[in-house]
Amino acid sequence: MIQFDSLPIDLKAFSAWTWSQIAPYYDELLARPLTAANLEAWLTDWSRITGLLIDLNTHYTIATTINTADAEAERAYKAYLDEIVPPMGLAEQALKQKLIDSNLPPPSGFEQPMRKIRAEAALFNEANVPLLAEARKLSIDYEKIAGSQTVTWDGVEIPLVQLIPVLQNPDRARREGAFRTMMARVEADDEALASLWRTMVQTRHQIARNADFSDFRAYRWQQLFRFDYTPDDVLRFLDAIEAVAVPAASRLAEKRRMNLNIDTLRPWDINVDPANRAPLRPYQTIDELESGISAIFRQVDPAFADYFEIMRAEKLLDLDSRKNKSPGGYMLPFMTSGRPFIYMNGMGTHGDVTTLLHEGGHSFHGFEIAGLPYIQQKREEFMPMEFAEVASLAMELLGAPYLTQHYGGFYTESEAARARIEHLTNIIVSWPYMAMVDGLQHWIYTHPDEAADMRACDEIWLGLVDRFWPSLDWRGIEPLKRLRWHMQGHIFTDPFYYVEYGIAELGAVQVWANALKDQKSATAAYRRALALGATATLPELYAAAGAKFAFDAETLRGAIELIETTIAELEPLADNG
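Everything in this summary refers to the structure shown in the same document. What you see is a predicted model, and the numbers here were worked out from it, not measured in a lab.

Rules used in this analysis
- Residues numbered from 1 in each chain as written.
- Predicted model: local features only at pLDDT ≥ 70, side-chain atom pairs only at ≥ 80, totals over all residues.
- Heavy atoms only, no water.
- Helix = DSSP H or I, 4+ residues; strand = E, 2+ residues; numbered from the N terminus.
- Contact = heavy atoms within 4.5 Å.
- Pairing = 2+ DSSP bridges.
- Axes fitted to C-alpha atoms, helices over the stretch in contact; angles between N-to-C directions.
- Salt bridge = Lys/Arg side-chain N within 4 Å of Asp/Glu carboxyl O.
- Buried < 20%, exposed > 50% of the residue type's maximum accessible area, 1.4 Å probe, protein only.
- Expected span 1.5 Å × (residues − 1).
- Polar contact = N/O pair within 3.5 Å; in protein donor to acceptor, adjacent residues only side chain to side chain.
- Parallel < 35°, antiparallel > 145°, perpendicular 65-115°, else oblique.
- Left-handed = near helix turned anticlockwise from the far one by under 90°.
- Nonpolar A, V, L, I, M, F, W, Y, C, P; charged D, E, K, R; others polar.

### Here we look at the environment of Gln510
Then comes step 1: Tracing the backbone shows Gln510 in helix H21 (residues 499-517).
Then comes step 2: With 48 residues separating them along the chain, Gln510 and Gly558 place their C-alpha atoms 9.3 Å apart.
Then comes step 3: Leave out the neighbours within four places in its chain, and Gln510 touches Ala547, Lys548 and Thr555.

Have a look at this one:
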């Protein structure tokens, strides 16, 4: 007799299992009569086997990004995608359909997951099972290209991402050299990336067609469970960003140009301190970074520091930058243990502090939902990313008042003011950039034949740069202007996963506004909202956190006014350093 509670919890042991060992668990669930009396036990057992398989995917994702040159990890992951994922997809579909056909009322807290199960089941097409596995393998191929990008700088070979701090150097010629070196390295992969891109777009379009959707955007909308807003809502949001955030970003850009005493703002001038001061260097070692962040979390809420210390003790952090490590950062939760894993590429900059606060917010979301009973209430695919990013972006803002050494953080008072100004400035600037990334994808997936040619996408990107980044001077370097989107991994590996940042930033600023009035109350509401996991709608989650789920120019204008007012209040303190 199948015993679900005897399934292995050690992923190394489970990774050796073949589908023939896994299949009997699905067979038993499919054969078991489903009644109101045993529904919760059935969902619990389903959660156990699915959770292990999701955790195995998480394990392989981590293994192939912490070392993109690990041939064995890549082989094992692709074997999993070839040998486990296709039959798992069929088995999961059968269980979803069994649950749907039962017509049983869902348990408390399962109404929203049930809605998503119905949506997933409706998307299913057997012909797409191998194509979805192939799409993930194409993402691995992109990560391999990105992870192998190195440059020689000052006579030393370094990962491409390690040039980013040089863009903060007060020496303008050095910044320009770093920018040109970075773009030249990206351009060197043009041919390989263009070939991969063509296959990606064609594969995604075929997936949509197999599922009877007119285009991949429509398919992806349902796949991402975007029940509470439409593509037209997003396009209106992009218009609001153009009307409100772009002028605000342009005001900041003009102030930067004047402070730097330069004729025009070039792409290598947007990361340097506006007063041309040396970059902030918050830490020397990863241990110092972890300790400072832990101290900040303790000020926001002691429970957050406790969570973070668990991650430190259990070695669930990989924070340094090194050769053959994939760029970027992420948090991935392990379903079985309820533990999150944080990954990033630390380079000694304030950006690392912000990134770790951000991923820390994601990890706290993972801790808060760990007690939910069913996998469908907390699996990453079912968590509304538009709110999951509120968890992370709000933590950046909630932690910002405690950056000083007085609280165990990193900076003097004037340095902390500089850091906060940099962060708040980046929030305003991030909305136009998000609009560019999302706008490009709307075009790509509604024009798949044209978009399979990367050069056609480049042309659309150029128009978006002119629309949303009007303050930058690209004269003489026009060929480099098209390359920036080639570095945005989300476009390649997680299509349409980017507008969530813009929506969530608007929610995060509202959480921060509440904290300015009453931090304890705002933080408590934030935690209560996190604990809901995937059991509530987006408007309900935002309301629980004390925010409004919105796309309109008026809400955006209110957020930007608060940010600009705070920057003005911080500037005199920053100037005293």
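### Observations concerning the sheet that holds strand E5 (residues 339-346)
Then comes step 1: Here three strands make up an open sheet; going across it, the order is E3-E5-E4 and the pairing mixed. The sheet is open, and its two edges are formed by strand E3 (317-320) and strand E4 (330-334), each paired on a single side. Averaged over all pairs of adjacent strands, the angle between strand axes in this sheet comes to 15 degrees, irrespective of strand direction.
Then comes step 2: Taken together, the five bridges between E4 and E5 define a ladder with antiparallel strand orientation. Looking at the pairing, Phe334 lines up with Arg339 of E5.
Then comes step 3: Docked against the sheet, helix H13 (residues 302-313) engages E3 and E5, running at close to 75 degrees with respect to E5.

### Concerning the pattern of salt bridges
Then comes step 1: Under the definition given, this model contains 47 salt bridges.
Then comes step 2: Put simply, Arg185 and Asp189 hold a salt bridge, and the shortest N to O gap is 3.0 Å. Note on accessibility: Arg185 and Asp189 belong to one class, buried.
Then comes step 3: Arg236 serves as the salt-bridge partner of Asp233, at 2.3 Å between the closest nitrogen and oxygen. Remark: Arg236 and Asp233 occur in helix H11 (residues 231-260); sequence separation between them is three residues, near one turn of the helix.
Then comes step 4: By sharing partners, the salt bridges in this structure join Glu187, Asp190, Arg455, Asp458 and Arg482 into a single network.

### Section: H13
Then comes step 1: An ideal rise of 1.5 Å per residue puts 16 Å on 12 residues; H13 measures up with 17 Å between its terminal C-alpha atoms.
Then comes step 2: Residues of H13 that are buried: Ala303, Phe304, Ala305, Tyr307, Phe308, Met311 and Arg312.
Then comes step 3: On its buried side, H13 packs onto helix H12 (286-300), E3, E5, helix H14 (350-369), helix H15 (385-399) and helix H22 (519-531).
Then comes step 4: You can read the cap of H13 off the contacts: a side-chain oxygen lies 2.9 Å from the backbone nitrogen of Ala303, and it is on Asp301.
Then comes step 5: Looking one or two residues beyond H13, the residue adopting positive phi is Lys315, at roughly 55 degrees.

### Re the packing of H12 against H14
Then comes step 1: Put simply, H12 and H14 touch, their axes get as near as 11 Å, and they point 55 degrees apart. Between H12 and H14, the angle falls in the class oblique. Judged by the twist between their axes, the crossing of H12 over H14 is right-handed. Contact residues: Leu289, Ile293, Ile296 and Phe297 in H12; Val353, Leu356, Leu357, Gly360 and Phe364 in H14.
Then comes step 2: Residue classes in the contact of H12 with H14 are distributed as eight nonpolar, one polar and no charged.

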